[in-house]
Amino acid sequence: AMEMNRRDVLGAGLLLGAGYFASQPALAQSTPSTTESTESYGAGNTGLGITQALSKHIANLNYEDLPAQSSHEAKRAILDWMGCAIAGSQHPTPQILIKSLKEIGSLPTATVLGQKGLKLSMLDAPLANGQMGHVLDFDDTHLGGVILHTSTATMPALLAIGESEKSSGKDMMTALVAAFEAGIRVGQGMPGHHRGGWHLTGTLGTIAATGGSARLRKLSASQTVNALGIGCTQAAGMQQNRGSDCK
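In this report, the structure presented in the accompanying data block is examined. Given the structure is predicted, the values throughout are model-derived calculations rather than measurements.

## Thoughts on the nonpolar core
Alright, step 1. Among the nonpolar cores identified, the biggest contains 40 residues, and Val112, Met155, Leu158 and Leu176 are the most heavily contacted of them.
Alright, step 2. Elements supplying a minimum of two residues to this core: helix 3 (50-60), helix 4 (68-88), helix 5 (92-104), helix 6 (124-134), helix 7 (150-165), helix 8 (169-188) and helix 9 (200-216).
Alright, step 3. Sort the elements by how many residues they give to this core and helix 8 lands first, with 9 residues.
Alright, step 4. Setting aside residues up to four positions removed in sequence, Val112 forms contacts with Ile98, Leu118, Lys119, Leu120, Ala125, Ala128, Asn129 and Met132.

## A look at the environment of Trp81
Alright, step 1. The topology assignment puts Trp81 in helix 4.
Alright, step 2. Judged by relative accessible area, which is 0%, Trp81 ranks as buried.
Alright, step 3. In this structure the C-alpha to C-alpha distance between Trp81 and Thr152, which are 71 residues apart in sequence, comes to 6.6 Å.
Alright, step 4. The residues contacting Trp81, other than those within four sequence positions of it, are Leu113, Asn129, Gly133, Asp139, Ser151, Thr152, Met155, Pro156 and Leu159.

## Brief notes about the side chain of Thr93
Alright, step 1. Following the sequence through the fold, Thr93 ends up in helix 5.
Alright, step 2. The residues touching Thr93, leaving out its near neighbours within four places in the chain, are Gln131, Val135 and Asp245.

## Overview of helix 7
Alright, step 1. Along its 16 residues, helix 7 runs 22 Å from first to last C-alpha, staying within 8% of the 22 Å computed at 1.5 Å per residue.
Alright, step 2. Taken as a whole, helix 7 has its buried residues at Thr150, Ser151, Thr152, Thr154, Met155, Pro156, Ala157, Leu158, Ala160, Ile161 and Gly162.
Alright, step 3. Buried residues along helix 7 sit in contact with helix 4, strand 3 (110-111), helix 6, helix 8 and helix 9.
Alright, step 4. Positive backbone phi, approximately 55°, marks Lys166, located one or two places after helix 7.

## Some thoughts on helix 5
Alright, step 1. Under the 1.5 Å per step criterion, the end-to-end length of helix 5 is 19 Å for 13 residues, consistent within 8% with the ideal 18 Å.
Alright, step 2. Those residues of helix 5 not exposed but buried are Thr93, Pro94, Leu97, Ile98 and Leu101. Down the axis, helix 5 shows its buried residues gathered within 130° of arc, on one side only. Exposed side chains of helix 5 directed beyond 90 degrees from the buried face belong to Pro92, Ile96, Lys99, Lys102 and Glu103.
Alright, step 3. Of the surrounding elements, those touching the buried residues of helix 5 are helix 4, strand 4 (119-120) and helix 6.
Alright, step 4. Phi for Gly105, located one or two positions after helix 5, is positive at around 105°.

## A closer look at unusual backbone geometry
Alright, step 1. Look at Lys116: it is not a glycine, yet its phi comes out positive at around 55°.
Alright, step 2. With respect to the element layout, Lys116 can be found in the loop between strand 3 and strand 4.
Alright, step 3. The phi dihedral of Lys218 is positive, around 60°, even though this residue is not glycine.
Alright, step 4. Residue Lys218 is classed as exposed on the basis of its relative accessible area, which comes to 53%.

## Focus: the pattern of salt bridges
Alright, step 1. This structure, assessed with the given rule, holds 6 salt bridges.
Alright, step 2. A salt bridge links Glu73 to Arg76, with the shortest nitrogen-to-oxygen separation between them at 3.0 Å. Pair noted here: Glu73 and Arg76 are both in helix 4, with a separation of 3 residues, about one helical turn.
Alright, step 3. The salt bridge involving Asp171 is made with Lys218; its shortest N-O contact spans 3.2 Å. With Asp171 in helix 8 and Lys218 in the loop between helix 9 and helix 10 (221-234), this residue pair connects regions lying 47 residues apart in the sequence.

## Concerning the packing of helix 6 against helix 7
If you want to describe how two helices pack, look at the angle between their axes and the distance between the axes.
Alright, step 1. In contact at an axis separation of 8 Å, helix 6 and helix 7 are set at 140° when each is read in the N-to-C sense. Crossing angle aside, the handedness with which helix 6 passes helix 7 is right-handed. Judged by residue contacts, Pro126, Asn129, Gly130, Gly133 and His134 of helix 6 engage Thr152, Pro156, Ala157 and Ala160 from helix 7.
Alright, step 2. For the contact of helix 6 with helix 7, the residue count by class is 4 nonpolar, 5 polar and no charged.

## Focus on the packing of helix 5 against helix 6
Alright, step 1. For the pair helix 5 and helix 6, the least separation of the axes is 9 Å and the interaxial angle reads 170°. Classed by the angle they form, the pair helix 5 and helix 6 counts as roughly antiparallel. Along the contact surface, helix 5 presents Thr93, Pro94, Leu97, Ile98 and Leu101, while helix 6 presents Asp124, Leu127, Ala128, Gln131 and Met132.
Alright, step 2. Each residue belonging to the contact of helix 5 with helix 6 can be placed in one class, and the counts come to 7 nonpolar, 2 polar and 1 charged.

Basis of the calculations
- Residues numbered from 1 in each chain as written.
- Predicted model: local features only at pLDDT ≥ 70, side-chain atom pairs only at ≥ 80, totals over all residues.
- Heavy atoms only, no water.
- Core = buried A, V, L, I, M, F, W, Y, C linked by side-chain atoms within 4.5 Å.
- Buried < 20%, exposed > 50% of the residue type's maximum accessible area, 1.4 Å probe, protein only.
- Helix = DSSP H or I, 4+ residues; strand = E, 2+ residues; numbered from the N terminus.
- Contact = heavy atoms within 4.5 Å.
- Expected span 1.5 Å × (residues − 1).
- Arc of directions from axis to C-beta.
- Salt bridge = Lys/Arg side-chain N within 4 Å of Asp/Glu carboxyl O.
- Axes fitted to C-alpha atoms, helices over the stretch in contact; angles between N-to-C directions.
- Left-handed = near helix turned anticlockwise from the far one by under 90°.
- Nonpolar A, V, L, I, M, F, W, Y, C, P; charged D, E, K, R; others polar.
- Parallel < 35°, antiparallel > 145°, perpendicular 65-115°, else oblique.

See below:
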């Protein structure tokens, strides 16, 4: 069997998710529809149909569409992130966060890993689990033109939704592949993003988590467009946070 280390997962099957994108030009280079006018607004053009195309791809993605290697790498990514999160669960940094969330008050809905039955809200549990999974900085990292810790930005949201909706393992893997598709493809469409000082796990990771969550919730293509719009509006992160608890 071929030996693979954790870095090999970065460029492997997850981006192969479905044959549609493999046979299409990069979304960032898509030609505007002749029936749609483009409009210059701020730093980029609107009306190109890029978000609609990506949302349709996410909404239509099924487990049966995934190549065998993609399914295998999705399993590896889940196991890898879970190990990182459990290892980081007793670190002082997430303990401070959990203490703060408890003091603020949080509806016990979603499980917090490694905390002896602790549950927090659908927003707070992913926040705590995400910090656990990233605090040791051993979680998977995509390096194929985009420096992104995709799983740690995505798995906490998928776990909370999956627990609430009793999602199957196949649905979880499909959602994770959709998350990689969303976050990484958007990142590859703006190669200067990292050099501009943005922390991609915060910015593109939000897009990835939104895409994966939309798929796990089985949103339609139009609903996914709206979800991505909301997610992108809230995306944030600076590289200056490296070495701090905010990373």
